[in-house]
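The residues making up each chain are set out below.
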Amino acid sequence: MFKTTMMAAMLLAGPTMAEVHMKPSPKTVDETMTALMAAVTGAGATVFAVVDHEAGGADAGFELPEAQLLIFGNPALGSQAIADDTTAGLVLPLRVEVMADAAGATQVVWADTATLFAGLDIPEDAPYRAQIDAALEKLTDAAVAD
């Protein structure tokens, strides 16, 4: 029980900034998100949701920089991780954020499987891990391409 409770606390805390990847985009946040969504659906993955953090913050009385979170996945890959450790469902489907940084530049941000699956009973050499990481690289490259 303690392991499960500690695992849940670690997963819910999410990755720290030191554990995420970031790519600059020459496009606006909206243009980058549109390109990311096109890349995701073009790759045969499913878009589950887009969360507009700026709009949500405004509704709550906060002025936030532009930031949109894409929640998406490929059940053929994600289900393998969940089959190995059902708590992987806390970090799947995948998430990529497109945001304006402090200088107003657009950035694409995501966590890799080493970060997402840290502490889970998922083999480090599971082939789907490399497939997920490669897909995240490819999709984010497409999002930031001119």
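Everything numeric in this text was worked out from a predicted model, so none of it was measured.

Draft legend 1. Geometry of the sheet that holds strand β3 (residues 67-73). With antiparallel pairing, five strands are arranged side by side in an open sheet as β1-β5-β4-β3-β2. In this open sheet, the two edge strands, each paired with only one partner strand, are β1 (20-25) and β2 (46-52). Going from strand to strand, the sheet's axes swing by 20° on average, the running direction of each strand aside. Bridge analysis of β1 against strand β5 (residues 106-111) gives six bridges, and the strand direction is antiparallel.

Draft legend 2. View of the pattern of salt bridges. Applying the stated criterion across every chain, the model contains two salt bridges. Residue Glu-137 pairs with Lys-23 through a salt bridge whose shortest N-O separation is 3.1 Å. In this pair, Glu-137 sits in helix α6 (residues 127-144) while Lys-23 sits in strand β1, placing the two residues 114 residues apart along the sequence. Judged by its relative accessible area of 11%, Lys-23 is buried. For the salt bridge of Asp-141 with Lys-23, the shortest nitrogen-to-oxygen distance reads 2.4 Å. Placement of the pair is Asp-141 in helix α6 and Lys-23 in strand β1, with a sequence separation of 118 residues.

Draft legend 3. Local environment of the side chain of Thr-106. You can see Thr-106 is positioned in strand β5. A relative accessible area of 6% places Thr-106 in the buried class. If we ignore the near neighbours within four places in the chain, the residues touching Thr-106 are Lys-23, Pro-24, Ser-25, Lys-27, Thr-28, Val-29, Thr-32, Val-98, Met-99 and Ala-100.

Draft legend 4. Highlighting the packing of helix α2 (residues 29-42) against α6. Where α2 meets α6, the closest approach of the two axes is 7 Å, and the angle between their N-to-C directions is 140°. With respect to their mutual orientation, α2 and α6 come out oblique. Every pair of crossing elements has a handedness; the one defined by α2 and α6 is right-handed. Only Leu-139, Ala-142 and Ala-143 of α6 make contact with α2, whose side of the interface consists of Thr-32, Ala-35, Leu-36, Ala-39 and Val-40.

What counts and how
- Residues numbered from 1 in each chain as written.
- Predicted model: local features only at pLDDT ≥ 70, side-chain atom pairs only at ≥ 80, totals over all residues.
- Heavy atoms only, no water.
- Pairing = 2+ DSSP bridges.
- Helix = DSSP H or I, 4+ residues; strand = E, 2+ residues; numbered from the N terminus.
- Axes fitted to C-alpha atoms, helices over the stretch in contact; angles between N-to-C directions.
- Salt bridge = Lys/Arg side-chain N within 4 Å of Asp/Glu carboxyl O.
- Buried < 20%, exposed > 50% of the residue type's maximum accessible area, 1.4 Å probe, protein only.
- Contact = heavy atoms within 4.5 Å.
- Parallel < 35°, antiparallel > 145°, perpendicular 65-115°, else oblique.
- Left-handed = near helix turned anticlockwise from the far one by under 90°.

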